[in-house]
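Residue-level structure breakdown
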Amino acid sequence: MITKENALQIAQENAGVYYRDLSVYDVEIKLVEGNWQVDYEFRDENIDGGGPHYLISGTTGEIISFRFEQ
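The structure contained in this document is the topic of the report that follows. Per-chain numbering applies: the sequence of each chain, read as written, is numbered from 1 onward. For this predicted model, a pLDDT threshold of at least 70 governs which residues receive local features, and a threshold of 80 or more governs which side-chain atom pairs are given and counted, while totals over whole chains, interfaces and linings are taken from all residues. Excluding hydrogens and water, the side-chain figures rest on all heavy atoms present in the structure.

Before going further, it helps to examine the nonpolar core. Soluble globular proteins tend to bury their nonpolar side chains together. Buried Ala, Val, Leu, Ile, Met, Phe, Trp, Tyr and Cys residues that are joined via side-chain atoms within 4.5 Å together make up what is termed a nonpolar core. Using a 1.4 Å probe on the protein chains alone, a residue whose accessible area is under 20% of its type maximum counts as buried, one over 50% counts as exposed, and one in between counts as partly exposed. Counting 14 residues, the largest nonpolar core has Val38, Tyr40, Tyr54 and Ile56 as its most contacted members. Elements with a contribution of two residues or more to this core: helix 1 (4-18), strand 1 (25-32), strand 2 (35-42) and strand 3 (52-57). Runs of H or I in DSSP of at least four residues are treated as helices and runs of E of at least two as strands, each being numbered from the N terminus. Residue contributions to this core peak at four residues, all from strand 2. Discounting chain neighbours no more than four positions away, the residues touching Tyr54 are Ala11, Asn14, Ala15, Trp36, Gln37, Val38, Tyr40, Ile63, Ser65, Phe66 and Phe68. Only heavy atoms enter the contact rule, under which two residues are in contact if any of them lie within 4.5 Å.

On to the sheet that holds strand 3, then. Here, a strand pair is defined by DSSP locating no fewer than two bridges between the strands. Reading across from one edge, 1-2-3-4 is the order of the four strands in this open sheet, with antiparallel pairing throughout. The sheet terminates laterally at strand 1 and strand 4 (63-68), the two strands that pair on one side only. Ignoring which end each strand starts from, the neighbouring axes of this sheet average 10 degrees apart. Of the strand pairs in this sheet, strand 2 and strand 3 are connected by five bridges, and their pairing is antiparallel. Counted as the bridge partner of Val38 is Tyr54 from strand 3. Axis definition: a line fitted to C-alpha atoms, over the contacting stretch in the case of helices. Angles run 0 to 180 degrees between N-to-C directions.

Position of Gln37 among the secondary structure elements: in strand 2. Taking the C-alpha atoms as reference points, Gln37 and Ile64, separated by 27 residues in sequence, lie 10.0 Å from one another. Non-local contacts of Gln37, meaning those with residues more than four positions away in its chain, are made with Glu28, Ile29, Lys30, Val32, Tyr54 and Leu55. Among the polar contacts listed, one links the side chain of Gln37 to the side chain of Asp39, at a separation of 2.9 Å. Residues adjacent in sequence count toward polar contacts only when both atoms are side-chain atoms; beyond that, a polar contact is any pair of N or O atoms within 3.5 Å, and within protein one must be able to donate a hydrogen and the other to accept it.

This is the structure in structure tokens:
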């Protein structure tokens, strides 16, 4: 089983390729049907757009899907 911390690390490594600074986001991680859902949302609600969103396998750590909001 992939831990919550492992899932966050996998998402951060991938998101770091596309986003320079992840410190402007709050991160929500939850286990959904055995997989980790990792969502980045702007801390400042006045900023339009959003961040990356991932679904990571709870057993293998593979990124099942991802999308980027802009």
